[in-house]
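The chain contents come next:
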Amino acid sequence: SAPQPGYAQNLILTQSEISAALSHGPWPLPGKNDPSNRMSGNSAAIALGQKLFFSSRLSADDTLSCASCHQPDNGFTDGVPQAMGHARGDRNTQSLFNLRHLRWFGWDGRNDNLWAQSLRPIVRSDEMALPVANLSTVLSGKDFSEAYSLLFGPARDHTEQQNLVNLGKLLAAYVETLETGKTPFDLFRDALESGDPASAATYPEAAQRGFRIFTGKGKCNFCHTGPLFSNGEFHDAGVPYFVTTDRVDEGRHGGIKALMRSPFTLAGPYSDDPRKTGAWKTRQLVRSHNNFGTFRVPGLRNVELTAPYMHNGSLATLEDVVRHYSSIDLERLHADGELILQPLELTDAEVADLTAFLMSLTEIED
């Protein structure tokens, strides 16, 4: 663990640890438009999508908007364990940062594109509960009619289903723009890449020690990989999946079932991509017992802002998350579950260091 020759004294990572740090960048990732959504990257669609995102007209009783649960000042989450729409849900509200880079959406991956995921809360009875039959009236109202007609033609000329899809594509066009900025870790990583050890050495030693745990004994980067700090797939994190004593959250198992039934996939008729790019991944899905109770690995950028944590919001703080993995109950894992997970048995100082690293993934304010 000795510093490498030529590096500043308080740069404590080994060469292999430096290589691991470099694998988490560069950031930001290059952006590209979604071929399945012709509104992707369209400035007029983004503006209308943003207006719709903050409008309560998309809820059944004009009391809720997308921003009710995805609050900008709360990291586009709501700060409560389970989302609260017209009824309390079973799952924690996920952040909307950096979604354009994912391959699956939602905790259970029940959608393979962002526009399908964006329309789902509008019509769910426990979320915004807007009857699809009312959507034409909403989109034909004075707040949205002109902009919507310029992009799609009058809402009353479309079927209910097509208006719903169009709405999802407008919301997705806006959500695609919600990307996090550079973090202290990125500045550290970039300094390492450019051969500027003096700048790299300004990164706090506690965060460096935390990264050493993250990529070493913690094996956190087995799932939290690359620039997003997520492999985008589904794993069993040892969190109970019972919602009540007699009801479980199936996780990915239920997500695959929903995805196979959905008309709103990359392989379906509402995709704007004539090549059906990415449709193969959905066509090849097979449900298995291994999927049961697994949930999508969240990215860690801005994770400090998005408490509480885990799919059910059961862990209140980042330190709680670290301690969960430090003393994980292997009995809660599936019999064929994540063999990589073992209790880390971290000291209090190591818990503090790993938490310091995670907090260094918060974007720097302008």
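Residues numbered from 1 in each chain as written. Predicted model: local features only at pLDDT ≥ 70, side-chain atom pairs only at ≥ 80, totals over all residues. Heavy atoms only, no water.

**Student:** A description of the overall build of the protein should follow, citing residues and the corresponding values.
**Tutor:** Secondary structure summary: the protein contains 14 helices and 4 strands in total. Taken against the 2.2 N^0.38 rule, which gives 21 Å for 366 residues, the C-alpha radius of gyration of the protein at 22 Å falls within 12% of a compact globule. Over its C-alpha atoms, taken along the principal directions, the protein stretches across nearly 70 × 50 × 40 Å. Out of the 366 residues in the protein, the part that is buried amounts to 52%. In the protein, 70% of the contacts between residues at least 6 apart in sequence involve partners at least 24 apart. Roughly 16600 Å² of accessible area belongs to the protein as shown, and the carbon and sulfur atoms make up 53% of that amount. Charge centroids of the protein, computed over 33 positive and 43 negative side chains, lie 7 Å from each other. (Helix = DSSP H or I, 4+ residues; strand = E, 2+ residues; numbered from the N terminus. Rg over C-alpha atoms; globule rule 2.2 N^0.38 Å. Buried < 20%, exposed > 50% of the residue type's maximum accessible area, 1.4 Å probe, protein only. Contact = heavy atoms within 4.5 Å. Areas by Shrake-Rupley, 256 points an atom, 1.4 Å probe, with all protein chains shown as cover. Lys, Arg positive; Asp, Glu negative; His and termini not counted. Charge placed at Lys NZ, Arg CZ, Asp CG, Glu CD.)

**Student:** Could you give an account of unusual backbone geometry, with specific residues and numbers?
**Tutor:** Following Gly25, the chain continues to Pro26 via a peptide bond in cis, the omega torsion being 0°. The residue Pro26 is located in the loop between helix H1 (15-22) and helix H2 (43-53) in this model. Across the junction of Trp27 and Pro28, the peptide omega takes the value 5°, indicating a cis bond. With respect to the helices, strands and loops of the structure, Pro28 is situated in the loop between H1 and H2. One non-glycine residue, Phe229, lies in the positive phi region at around 55°. Structurally, Phe229 is set in the loop between helix H10 (205-215) and strand E1 (234-235).

**Student:** Account for the packing of aromatic side chains, with residues named and values stated.
**Tutor:** Tallying each qualifying case throughout the model produces 20 aromatic pairs. Pairing Phe185 with Phe229 gives two aromatic rings, centres 5.6 Å apart and planes at 75°, and the pair type is edge-to-face. One end of the pair, Phe185, is in helix H8 (residues 184-194); the other, Phe229, is in the loop between H10 and E1, and 44 residues separate them in sequence. In terms of burial, Phe185 and Phe229 fall into one category: buried. (Phe/Tyr/Trp six-rings, centres within 6.5 Å; stacked < 30°, edge-to-face > 60°.)

**Student:** Give me the packing of helix H6 (residues 145-152) against helix H7 (residues 160-175): which residues, what numbers.
**Tutor:** Their axes nearest at 12 Å, the elements H6 and H7 cross at an angle of 100°. As far as their axial angle goes, H7 and H6 are roughly perpendicular. The segment H6 lies against H7, with Tyr148, Leu151 and Phe152 engaging Asn163, Asn166 and Leu170. Of the residues contributing to the contact of H6 with H7, the split by class is 4 nonpolar, 2 polar and no charged. (Axes fitted to C-alpha atoms, helices over the stretch in contact; angles between N-to-C directions. Parallel < 35°, antiparallel > 145°, perpendicular 65-115°, else oblique. Nonpolar A, V, L, I, M, F, W, Y, C, P; charged D, E, K, R; others polar.)

**Student:** Talk me through the environment of Arg283; I want residue IDs and the actual numbers.
**Tutor:** For Arg283, the position within the fold is in helix H12 (residues 279-283). Here Arg283 falls in the exposed class, since its relative accessible area comes to 57%. With 79 residues separating them along the chain, Arg283 and Pro204 place their C-alpha atoms 46 Å apart.

**Student:** Tell me what's going on with the pattern of salt bridges, and back it up with residues and numbers.
**Tutor:** Tallying each qualifying case throughout the model produces 19 salt bridges. For the salt bridge of Arg91 with Asp249, the shortest nitrogen-to-oxygen distance reads 2.7 Å. Pair noted here: Arg91 is in the loop between helix H3 (66-69) and helix H4 (114-123) and Asp249 is in the loop between strand E3 (247-248) and helix H11 (252-261), with a separation of 158 residues, a long-range link. Note that Arg323 is salt-bridged to Asp348, the shortest N-O span being 3.3 Å. Taken together, the residues span a long stretch of sequence, with Arg323 in helix H13 (residues 318-326) and Asp348 in helix H14 (residues 348-359) at a distance of 25 residues. Classification of Arg323 as partly exposed rests on a relative accessible area of 32%. Several salt bridges converge on common partners, so that one network encompasses Arg91, Asp108, Arg110 and Asp249. (Salt bridge = Lys/Arg side-chain N within 4 Å of Asp/Glu carboxyl O.)

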